[in-house]
Amino acid sequence: MRRKWLLFLPWFAAVAVGVAAAFLLKPVYVSRVTLMLEQPQALAGPLVGMVGPGINPEQQAGMMREQVQSTMFLREVITATGLRSWPGVRAWALRSARRYPGLTPDQQVDAFLCEYLRGAIEVRRGRGDVLEITVSDLDAGRTRRLAEAVANQFVAASKAAQLEAARSTQSFSAEQEQLYRRKLADSEARLEAAARLGSSGEATQVDAAGAARARGLLDQANLEVEEQRQKLAGLQAQVQARDLAASLGAVASPRTATLAAELAELD
């Protein structure tokens, strides 16, 4: 009891510091956005190798975490939210300008904001095909706008990837259709030549071996023609069933066209 101050003094000091911090420190606001991953329609035949299987949620979350580290992605978010002109943001960013020597003030502001957003944005996988985006900031309104802009940017990037996959599928299907058309035309030409040979009025001596060989060639030509016709019909039905033209129109927009051009530049 004579040394009770050794117990109570640190306890009172800790309580005082905690209360002071609770009232003096700025609150941190958190905004969350939930995204649902929609799996693409399953493809069959050679198109699977061209487009590839669907992406599972864990892979998608990893890709989104990599996008958050991209300066181009973060600049799109900054532009969409107008963060550069937000009250007090420019002055706040310029106070850290000494960390980015050799840059203009605008470049210093962008560099600071990109670095800040890398630590403020978090991507997590939820249950099933659900992905959660969390943004933390000191301003409530700014936090919500940042979360919405990040989610919209992820959706725009996904649409650009979908558009590119649809274009690749359509281009591959068109090439395969032309290839099968050429094979079909070649087989029909061979069949026609065999038919003309069989109907010619020339007097030639035909033995049993020659007749058997002619019948074999004729049967083979008929089989090739039928096979190419079936392949062509199947490919045309597949292209019509996928409705690739409608898919391209559904995701085409000036925004996705700009993103596709930027992806092409990066490649």
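These numbers come from a predicted model, not from an experiment.

1. Overview of the overall build of the chain
Next up, step 1: Along its length, the chain carries 10 helices and three strands.
Next up, step 2: Considering the chain as a whole, with its 267 residues, one finds that 27% of them fall into the buried category.
Next up, step 3: Sequence-distant contacts, at least 24 apart, represent 75% of the contacts inside the chain between residues at least 6 apart.

2. Description of the nonpolar core
Next up, step 1: Of all hydrophobic cores here, the largest spans 30 residues; its most connected members are Ile121, Ile133 and Phe154.
Next up, step 2: Considering every element that reaches this core, the biggest residue donor is helix α7 (residues 140–199), with six residues.
Next up, step 3: Among residues more than four places away in sequence, those in contact with Ile121 are Val68, Leu74, Ile133, Thr134, Val135 and Val150.
Next up, step 4: Of all hydrophobic cores here, the second largest spans five residues; its members include Tyr180, Leu184, Val225 and Leu235.

3. Comments concerning the pattern of salt bridges
Next up, step 1: In the structure shown here, the tally under the stated rule is nine salt bridges.
Next up, step 2: Here Arg99 ties to Glu115 by a salt bridge, and the two come within 3.8 Å at their closest N and O atoms. Of this pair, Arg99 sits in the loop between α5 (89–94) and α6 (105–120) while Glu115 sits in helix α6; the two residues are 16 residues apart in sequence, bridging distant segments of the chain.
Next up, step 3: Notably, a salt bridge pairs Glu177 with Arg181, separated by 3.2 Å at the nearest N-O pair. A residue pair is termed a helical-turn pair when its members lie 3 or 4 positions apart in one helix, as Glu177 and Arg181 do in helix α7 at four residues.

4. Section: the packing of helix α4 (residues 71–81) against α6
Next up, step 1: Running from amino to carboxyl end, α4 crosses α6 at an angle of 100 degrees, the nearest separation of the two axes being 10 Å. Taken together, the axes of α4 and α6 lie roughly perpendicular to each other. In this structure, α4 uses Thr71, Leu74, Arg75 and Ile78 to contact α6, whose residues at the interface are Asp110, Leu113, Cys114, Leu117 and Arg118.
Next up, step 2: Residues belonging to the contact of α4 with α6 are distributed by class as follows: five nonpolar, one polar and three charged.

5. Some points on the side chain of Ser187
Next up, step 1: Here Ser187 is to be found in helix α7.
Next up, step 2: With sequence-adjacent residues up to four places away left out, Ser187 is seen in contact with Glu224, Val225 and Gln228.

6. Topic: the packing of aromatic side chains
Next up, step 1: Scanning all chains against the criterion turns up six aromatic pairs.
Next up, step 2: A centroid spacing of 6.5 Å and a plane angle of 35 degrees characterise the contact between Phe8 and Phe12, whose relative ring orientation is tilted. Remark: Phe12 and Phe8 occur in helix α1 (residues 5–24); sequence separation between them is four residues, near one turn of the helix.
Next up, step 3: Given the relative accessible area of 42%, Phe8 is considered partly exposed.
Next up, step 4: Between Trp11 and Phe12 the ring centres are 5.2 Å apart and the planes differ by 75 degrees, which places this aromatic pair in the edge-to-face class.
Next up, step 5: Chaining the aromatic ring pairs together yields one cluster made of Phe8, Trp11 and Phe12.

7. Observations regarding the pairing of strand β3 (residues 130–137)
Next up, step 1: A large share of β3 lies buried, amounting to six of its eight residues.
Next up, step 2: Bridge count between strand β1 (residues 29–36) and β3: eight bridges; the pairing is antiparallel. Pairing of Val33 across the sheet is with Ile133, part of β3.
Next up, step 3: With five bridges joining them, strand β2 (residues 121–125) and β3 adopt antiparallel strand pairing. Across the sheet, residue Glu122 finds its bridge partner in β3, namely Thr134.
Next up, step 4: Hairpin connection, β2 to β3: the antiparallel pair is bridged by four residues, and Gly128 has positive phi, about 70 degrees.

8. So, a nonpolar patch on the surface
Next up, step 1: Together, Leu7, Phe8, Trp11, Phe12, Val15, Val19, Phe23 and Leu24 make up an exposed nonpolar region whose accessible area comes to about 940 Å².
Next up, step 2: Tracing the sequence through the fold places Leu24 in helix α1.
Next up, step 3: Owing to a relative accessible area of 71%, Leu24 belongs among the exposed residues under this scheme.

9. Some words on α4
Next up, step 1: Listed in full, the buried residues belonging to α4 are Phe73, Leu74, Glu76, Val77, Ile78 and Thr81.
Next up, step 2: The backbone nitrogen of Met72 has a side-chain oxygen 3.4 Å away, supplied by the residue at the start of α4, namely Ser70.
Next up, step 3: One or two residues past the end of α4 sits Gly82, with phi positive at roughly 65 degrees.

Reading the values: the criteria
Residues take numbers from 1 onward in each chain, read along the sequence in its written order. Since the coordinates come from a predicted model, pLDDT governs what is reported: local features require at least 70, and pairs of side-chain atoms require 80 or more to be given and counted, while whole-chain, interface and lining totals use all residues. In computing side-chain values, all of the structure's heavy atoms are included and hydrogens and water are not. To qualify as a helix, a DSSP run of H or I must reach at least 4 residues; to qualify as a strand, a run of E must reach at least 2; elements of each kind are numbered from the N terminus. Buried residues are those whose accessible area, probed at 1.4 Å on protein chains only, stays under 20% of the maximum for their type, while exposed residues exceed 50% and partly exposed ones sit between those limits. Residue contacts are defined here by distance: any two heavy atoms, one from each residue, within 4.5 Å place the two residues in contact. The definition of a nonpolar core used throughout is a set of buried Ala, Val, Leu, Ile, Met, Phe, Trp, Tyr and Cys residues joined through side-chain atoms within 4.5 Å. Definition used for salt bridges: Asp or Glu carboxyl oxygen within 4 Å of a side-chain nitrogen of Lys or Arg. Fitting a line to C-alpha atoms yields each axis, with helices limited to the stretch in contact; the angle taken between N-to-C directions then spans 0 to 180 degrees. Angles are sorted into four bins: roughly parallel if under 35 degrees, roughly antiparallel if over 145, roughly perpendicular if 65 to 115, and oblique for all others. Each residue is assigned to one class: nonpolar for Ala, Val, Leu, Ile, Met, Phe, Trp, Tyr, Cys and Pro, charged for Asp, Glu, Lys and Arg, and polar for all the others, Gly among them. Each Phe, Tyr or Trp ring, with Trp reduced to its six-membered ring, pairs with another whose centre is within 6.5 Å; inter-plane angles below 30 degrees give stacked pairs, above 60 give edge-to-face pairs, and intermediate values give tilted ones. Here, a strand pair is defined by DSSP locating no fewer than two bridges between the strands. Any residue with relative accessible area above 30% and no salt bridge may belong to a patch, with like charges joined within 9 Å and the nonpolar Val, Leu, Ile, Met, Phe, Trp and Tyr side chains within 5 Å. Where accessible areas are quoted, they stem from the Shrake-Rupley method and a 1.4 Å probe; at the residue level, only the protein chains shown are allowed to cover. Definition of a polar contact: a pair of N or O atoms within 3.5 Å, with one able to donate and the other able to accept a hydrogen when the atoms are protein atoms, and with sequence-neighbouring residues admitted only if both atoms are side-chain atoms.

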